[in-house]
Every structure is written in structure tokens, then in C-alpha cells.
Amino acid sequence: VKEIDDIYKKASLNQLLFGGLLFLAVWLNIDEGLSLLPDKFQGGKYVVLYISLSKLYSVSTGVTSQIIINSRFYRFDLYSNIILLGITILSNYIFIPESSPLFEYGIVGINGAAFATALSVIIFNTFKMIFVKIKIGIQPFTFQTFKALALIILTYYIVNIIPFSDNIFYAILLRSGLILLIFLPLMLLFHISEDINELVIDIRKRFGN
């Protein structure tokens, strides 16, 4: 169990860092990205946000599904997928119509569908994570997880307040470059992921030789 716990935590952290970097690149460039698409896609900004956040949460829960499938509780994976289907149908029924309780926040129609999907995925993954904690006694989060989240938030706020060129392509290129220049050095400086730091050290040694 100790070995599985270590893998669980490392996978969660590394996937959160990679997913967080990808999320920043997508969300911070969302306006420029959508401006390159036909007009019918212009209202999809918050669809991208809800789905991206749910995916980020999913990867942050690490290899929960794989742990369940390869344990004596493997049948629970089937049951949890049935529960996911039920939650998705119910949440779509609640948030898509104009009677959506979050209508005043624009969570209705296609935005409501995206929100419902994101909510279902978050509940689904949380449910499985709690199950693994109860049955096997392990969970994916550590103090490093909070450091990773802090890094993602810090990078977002720094990049978001800096004005960029009106040229769409230059703006995307420069903003994406700045995200990398802030995110990667700070990630290594604060030793958020032992695996990534060791990989960088190994690469340096190889090139040094």
C-alpha cells in the first residue's frame, strides 16, 4: 500500500502541474483564440472554462480509477460510472433550461450544459477518491498540491494584468512564453515536484557531459 500511495501522490501532483500549465495557456489566451473562430463559437468562452476546470480537477485526482480497477473493489468502477450517468442527466435537466437556478449568472443553455458536465465530473471523481480513502486508506493530495495550486494562481494573476500586443498571434505567442517563463522556473525553485526536479538535474548532467 505504501508504494501505491507514493505513486498515487506523485501522479496526482505531476498531472496537476502539467494540467495547470495547459489550463493557463488555454484560458489566458481564450479571447484571442475564440476571435480566430467563426462567430457562432464566440459565446463558448465559459464552456471552455467549465470543462477545463473539471478536467484539471480530474487529473489532480491522479490514478484513482486505475487503483480501483486493479483492486478487489474493481466492480465499484462500473457502479460509479452508472452514478455519473445519473448525475449528468439530472444536472443537465436542472441547468440547461431557462429555469436554471443559476440563470442570472449565465449558466443556462450551452453554458448550463457545460456547467452540468463539469459538476458531474467533479462529483464523480470526488466520490471515487473518497471511496479509495475509505477502502484502501490512501488519498492523492499533499502539501505540495497546495504549492502547485498557489503557483497556478500566481502565474495567472501576473500574466493576466500585463497588457499585450493587439496583434492576435503576437499576443498568444508572447503570453504563452511569459507563462512558461514564470511557471517553470518557480516550479523548480520551490521544488514542487521531486520527480520533475530530478529529471531536470539528470538532463543537465547529460548535457554537461
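Residues numbered from 1 in each chain as written. Predicted model: local features only at pLDDT ≥ 70, side-chain atom pairs only at ≥ 80, totals over all residues. Heavy atoms only, no water.

### Side note on the pattern of salt bridges
Logical step 1: Counted by the stated rule, this structure contains six salt bridges.
Logical step 2: With a closest N to O distance of 2.7 Å, D5 and K9 form a salt bridge. Placement of the pair is D5 and K9 together in helix α1 (residues 2–27), with a separation of four residues, close to one helical turn.
Logical step 3: Note that K10 and D195 form a salt bridge whose closest N and O atoms lie 3.9 Å from each other. On the criterion of sequence distance, the pair formed by K10 in helix α1 and D195 in helix α9 (residues 194–208) is long-range, its members being 185 residues apart. (Salt bridge = Lys/Arg side-chain N within 4 Å of Asp/Glu carboxyl O. Helix = DSSP H or I, 4+ residues; strand = E, 2+ residues; numbered from the N terminus.)

### Observations concerning the packing of helix α7 (residues 143–160) against helix α8 (residues 168–189)
Logical step 1: Look at α7 against α8: their axes get within 10 Å of each other, and the N-to-C directions meet at 145°. Two packed elements cross with a definite hand, and for α7 against α8 that hand is right-handed. Contacts between α7 and α8 involve L151, I152, L154, T155, I158 and V159 on the former and, on the latter, R175, L178, I179, I182, F183, L186 and M187.
Logical step 2: For the contact of α7 with α8, the per-class residue count stands at 11 nonpolar, one polar and one charged. (Axes fitted to C-alpha atoms, helices over the stretch in contact; angles between N-to-C directions. Left-handed = near helix turned anticlockwise from the far one by under 90°. Contact = heavy atoms within 4.5 Å. Nonpolar A, V, L, I, M, F, W, Y, C, P; charged D, E, K, R; others polar.)

### Considering the confidence of the model for the chain
Logical step 1: Taken residue by residue, the chain gives an average pLDDT of 93. The fraction at 70 or more is 99%.
Logical step 2: The spread of mean pLDDT over the elements of the chain runs between α9, the lowest at 89, and α7, the highest at 97. (pLDDT = per-residue confidence, 0-100.)

### Regarding the layout of surface pockets
Logical step 1: There is about 290 Å³ of room inside the largest pocket.
Logical step 2: Around the largest pocket, the lining is made up of 16 residues, and of these L16, L53, L56, L149 and I152 lie nearest the centre.
Logical step 3: When residues in the lining of the largest pocket are grouped by element, the largest group, six residues, is from α7.
Logical step 4: Taken together, the residues of the lining of the largest pocket sort by class into 14 nonpolar, two polar and no charged. (1 Å grid on protein atoms, 1.4 Å probe; cavity = no way out; pocket = protein on both sides within 12 Å on 5 of 7 lines; lining within 4 Å. Points joined across faces, edges and corners; volume = space filled by probe spheres on them.)

### Considering the side chain of N111
Logical step 1: Among the structural elements, N111 can be located in helix α6 (residues 109–135).
Logical step 2: What makes N111 buried here is its relative accessible area of 14%.
Logical step 3: Polar contacts involving the side chain of N111 include one to the main-chain carbonyl oxygen of G106, which spans 3.3 Å.
Logical step 4: Discounting residues that sit within four places of it in the chain, N111 has contacts with G43, Y46, V47, Y50 and G106. (Buried < 20%, exposed > 50% of the residue type's maximum accessible area, 1.4 Å probe, protein only. Polar contact = N/O pair within 3.5 Å; in protein donor to acceptor, adjacent residues only side chain to side chain.)

### Focus: α8
Logical step 1: The end-to-end C-alpha distance of α8, which contains 22 residues, comes to 32 Å, matching closely the 32 Å that a straight helix rising 1.5 Å per residue would cover.
Logical step 2: The opening residue of α8 is N167, an N-cap whose side-chain oxygen sits 3.0 Å from the backbone nitrogen of F169. (Expected span 1.5 Å × (residues − 1).)

### What to know about the packing of α1 against α7
Logical step 1: It is at 10 Å that the axes of α1 and α7 come closest, and there the two elements cross at 10°. Considering the angle they form, α1 stands roughly parallel to α7. Here α1 contributes L13, L16, L17, G20, L24 and W27 to the contact with α7, which in turn contributes Q144, T145, A148, L149, L151, I152, T155 and Y156.
Logical step 2: Residue classes in the contact of α1 with α7 are distributed as 10 nonpolar, four polar and no charged. (Parallel < 35°, antiparallel > 145°, perpendicular 65-115°, else oblique.)

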